[in-house]
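What follows is the residue order along each chain.
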Amino acid sequence: MLKKFIRNEEGATAIEYGLIAAGIAVAIAAIVFVLGSKLNTLFTSVSDKLG
């Protein structure tokens, strides 16, 4: 039973998928943060020119 428990990798796979999902979420958040400020500047500039 102990050998079966040690060989079981289902939990490790779930943790790996969780880490991958967390890494993707952090990357998306960073991209949104960087592009968000640039887009805000662009929209403000366009709004000022239209107004």
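Bear in mind the structure is a predicted one, so any value in this text is a computation, not a measurement. (Residues numbered from 1 in each chain as written. Predicted model: local features only at pLDDT ≥ 70, side-chain atom pairs only at ≥ 80, totals over all residues. Heavy atoms only, no water.)

Participant: Would you take a moment to explain the overall build of the chain for this structure?
Facilitator: What the chain contains, in helices and strands, is two helices and zero strands. For 51 residues, the compact-globule formula gives about 10 Å, and the C-alpha radius of gyration of the chain, at 22 Å, lies well above that figure. Its C-alpha atoms give the chain principal-axis dimensions of roughly 75 × 10 × 5 Å. Taken across its 51 residues, the chain has 0% of its residues classed as buried. Surface exposure of the chain reaches about 5000 Å², of which carbon and sulfur atoms provide 71%. Distance between charge centroids for the chain: 5 Å, based on 5 positive and 4 negative side chains. (Helix = DSSP H or I, 4+ residues; strand = E, 2+ residues; numbered from the N terminus. Rg over C-alpha atoms; globule rule 2.2 N^0.38 Å. Buried < 20%, exposed > 50% of the residue type's maximum accessible area, 1.4 Å probe, protein only. Areas by Shrake-Rupley, 256 points an atom, 1.4 Å probe, with all protein chains shown as cover. Lys, Arg positive; Asp, Glu negative; His and termini not counted. Charge placed at Lys NZ, Arg CZ, Asp CG, Glu CD.)

Participant: How should I be thinking about the environment of Asp48 in this particular structure?
Facilitator: Examined against the element boundaries, Asp48 turns out to sit in helix α2 (residues 10–50). Residues Asp48 and Ala30 lie 18 residues apart in sequence; the distance between their C-alpha atoms is 27 Å.

Participant: What exactly am I supposed to notice about the environment of Thr41 here?
Facilitator: For Thr41, the position within the fold is in helix α2. Considered as a pair, Thr41 and Asn8 are 33 residues apart in the sequence and their alpha carbons are 52 Å apart.

Don't take any of this as a statement about function, it's just geometry.
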